[in-house]
Each structure stands twice: as structure tokens, then as C-alpha cells.
Amino acid sequence: MKWLYLAVLHSMGISQRKLRDITPERAQEYYERLDMWLLLTDGHSQETAAKIVDKKTDALVERVEHTLQSVRVVHRDDDEYPILLKSLVGAPTILYVRGTLHPNDALISVVGSRKHSQYAASCVQKIIPGLIRAGYGIVSGWAYGIDTVAHETALKEKGHTTVVFGSGIDVYYPPSSTPFFEKVVAHSGSLVSQFPIGTLAEPYNFPMRNDIVAGMSRGTLIAEAGEDSGTLITARLALEANRDVIVIPSDITRESAVGR
């Protein structure tokens, strides 16, 4: 597998930024030579280097190899890599993908409150069909609420939808959503993660997940946002990336709309 050892190094703790300096052709050699001295020479701290060395096991290689039987590694130099995401300075070196990834710029992210109103859900259900007909794909994270409404509506309209994980591509979160994730893949959609294989869905991963959601998209549609919410983080990231942010007007008295 061309990408096996690059993915293994990532799972050991080599960051996306550090991976830029390791070509797929020399990744296996780098892995085999990997020790404290090599890592310290490459700029890792002693603590980080020690943690990385501890993960150098045959079991890890086998786990990553098993996962890559159904998952692709997409490098930022590949044609398949999302065009708009590639334009960002901090874009991940590699993405893990299941399903059909559409690399063009006709993507709209849809985000909103988990405790959304019926009005917000209804608006999303009315807007997305028009976007699908216009040739856009839908991008979102996976959280109960507007994210779910967006993905389900896109599938209902036979459109392309991309779910961006806040965990490793092999860690379906929550597990109860596994049937839906498989449905996305079966209907020409995609599952995407920037995190190493085996990464759990920790809270601090989700703002980074939101960066990918906004970065892949030409514009971001906001359907209600609570105060200090992940939705507002995504909106800010979209604006920082010079992308359009579209806001659905809502009832300003609702707690789920306090963020705007």
C-alpha cells in the first residue's frame, strides 16, 4: 500500500505538519529508522519523541493496514484533494476518506444548533433541494440536530453529502449512527477525517473538524446558533478563509438563536 507507512507514522503521533516533509516513497524507510535521535533531529520534543517511539509496534502497522483496506489516504498533492481546502495554509497533509470524495468547489457546508427549532429544520429541508439541483454537494459534521437534518435531506434528494468526523475514520461516533454512515458511502457520499486512525471522538477534536467543514466549502449556511457554540466557530473559520456565510433569519427570542 502506497500510503501505509505515512498513515502509520501519523497514528504514532507525527503531526500533519511534520508529514509534509516525509514523502510516501520514504515513509517506510523513515519508520524503520525511527528512534529518539531521528525524532529529536527532526524537531520533536523529548517527551513527544518518547511517546512516538513507544507506539512503534507491529500491532499498530497491522491495524492501520487493516483499516486501509476500506479507506483511502488522500494527499494534498492529489487531484482528489478538495480544491478549496488545499488553498488554506494549514490544510492537512493527508485526509482519510471512505466513499466518493468530490474535490470540486461546488460544496456548501450546513451547520446549526443541536437543539434547533422546527422552523430551522424546515428551512434547511427547503433550501437543500435547490442547492442539490444547482449542482452543490452538502458538507457537515455529524451531530444531532441541524447536521443530521442536512445530511438526511441531501440523501433524500439524491445529492452528494460529505460527513466530516471529529474522530479517526475507523471510529464511528456515535456508534448508533453506523447504519447512516454506511448509507452515505453506499449513495456516492463520503466520510472524511483528518485525524489518525484510531483517534477517539474527544471534545477538543471538534473545532479542528469544523475547520475542515468550512475549508472544503464555498459557503457556509447557518441555521440557528447558540451562544459560544461550535456553529459560531465554523462561521468564524469560514469568514477567516474568505468564504461566504449565509444565515437563515430566526426567532431572536429562542435560546438556540442567541448566537446571532
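Before reading on, note that the structure itself is shown above.
### Thoughts on the packing of helix H1 (residues 4–12) against helix H6 (residues 58–67)
Part 1 of the reasoning: Axis separation between H1 and H6 bottoms out at 9 Å; the angle between their running directions is 120 degrees. Here H1 is positioned oblique relative to H6, judged by the angle of their axes. You can see that H1 and H6 cross each other, and the crossing is right-handed. Residue-level contacts link Leu-4, Tyr-5, Ala-7, Val-8, Ser-11 and Met-12 of H1 to Leu-60, Val-61, Val-64 and Glu-65 of H6.
Part 2 of the reasoning: The class makeup of the residues in the contact of H1 with H6 is 8 nonpolar, 1 polar and 1 charged.

### Looking at the pattern of salt bridges
Part 1 of the reasoning: This model, assessed by the stated rule, comprises 6 salt bridges.
Part 2 of the reasoning: Between Lys-51 and Glu-47 there is a salt bridge, with its nearest N and O atoms 3.5 Å apart. One end of the pair, Lys-51, and the other, Glu-47, are both in helix H5 (residues 46–54), 4 residues apart, so they sit about a helical turn from each other. The pair formed by Lys-51 and Glu-47 is uniform in burial state, with each residue classed as exposed.
Part 3 of the reasoning: When the shortest N-O distance is used, the salt bridge between Arg-72 and Glu-80 registers 2.4 Å.

### A short note on the packing of aromatic side chains
Part 1 of the reasoning: Scanning all chains against the criterion turns up 7 aromatic pairs.
Part 2 of the reasoning: Each ring, one from Trp-142 and one from Phe-181, has its centre 5.5 Å from the other, and the planes form 70 degrees; the classification is edge-to-face. You can see Trp-142 sitting in the loop between strand S4 (137–140) and helix H9 (146–156) and its partner Phe-181 sitting in helix H10 (residues 178–186), a full 39 residues away along the chain. When sorted by exposure, Trp-142 lands in the same class as Phe-181, which is buried.
Part 3 of the reasoning: Ring plane angle 45 degrees and centroid distance 6.5 Å describe the contact between Tyr-173 and Phe-206, whose orientation is recorded as tilted. Of this pair, Tyr-173 sits in the loop between strand S5 (161–164) and H10 while Phe-206 sits in helix H11 (residues 205–216), and the two are 33 residues apart along the sequence.
Part 4 of the reasoning: Each residue in the set Trp-142, Phe-165, Tyr-172, Phe-180 and Phe-181 is aromatic and connected to the rest through ring pairs, giving one cluster.
Part 5 of the reasoning: The cationic tip of Lys-56 hangs over the ring face of Tyr-31; the distance from NZ or CZ to the ring centre is 5.2 Å.

### Some details on the pairing of strand S7 (residues 219–223)
Part 1 of the reasoning: Where burial is concerned, most of S7 is hidden: 5 out of the 5 residues are buried.
Part 2 of the reasoning: Bridge analysis of strand S3 (residues 107–112) against S7 gives 5 bridges, and the strand direction is parallel. Residue pairing in the sheet places Val-111 in a bridge with Ile-222 of S7.
Part 3 of the reasoning: Bridge analysis of S7 against strand S8 (residues 244–247) gives 4 bridges, and the strand direction is parallel. Directly across from Leu-221, in S8, lies its bridge partner Ile-246.

Cut-off values and rules
- Residues numbered from 1 in each chain as written.
- Predicted model: local features only at pLDDT ≥ 70, side-chain atom pairs only at ≥ 80, totals over all residues.
- Heavy atoms only, no water.
- Axes fitted to C-alpha atoms, helices over the stretch in contact; angles between N-to-C directions.
- Helix = DSSP H or I, 4+ residues; strand = E, 2+ residues; numbered from the N terminus.
- Parallel < 35°, antiparallel > 145°, perpendicular 65-115°, else oblique.
- Left-handed = near helix turned anticlockwise from the far one by under 90°.
- Contact = heavy atoms within 4.5 Å.
- Nonpolar A, V, L, I, M, F, W, Y, C, P; charged D, E, K, R; others polar.
- Salt bridge = Lys/Arg side-chain N within 4 Å of Asp/Glu carboxyl O.
- Buried < 20%, exposed > 50% of the residue type's maximum accessible area, 1.4 Å probe, protein only.
- Phe/Tyr/Trp six-rings, centres within 6.5 Å; stacked < 30°, edge-to-face > 60°.
- Lys NZ or Arg CZ within 6 Å of the ring centre and 35° of its normal.
- Pairing = 2+ DSSP bridges.

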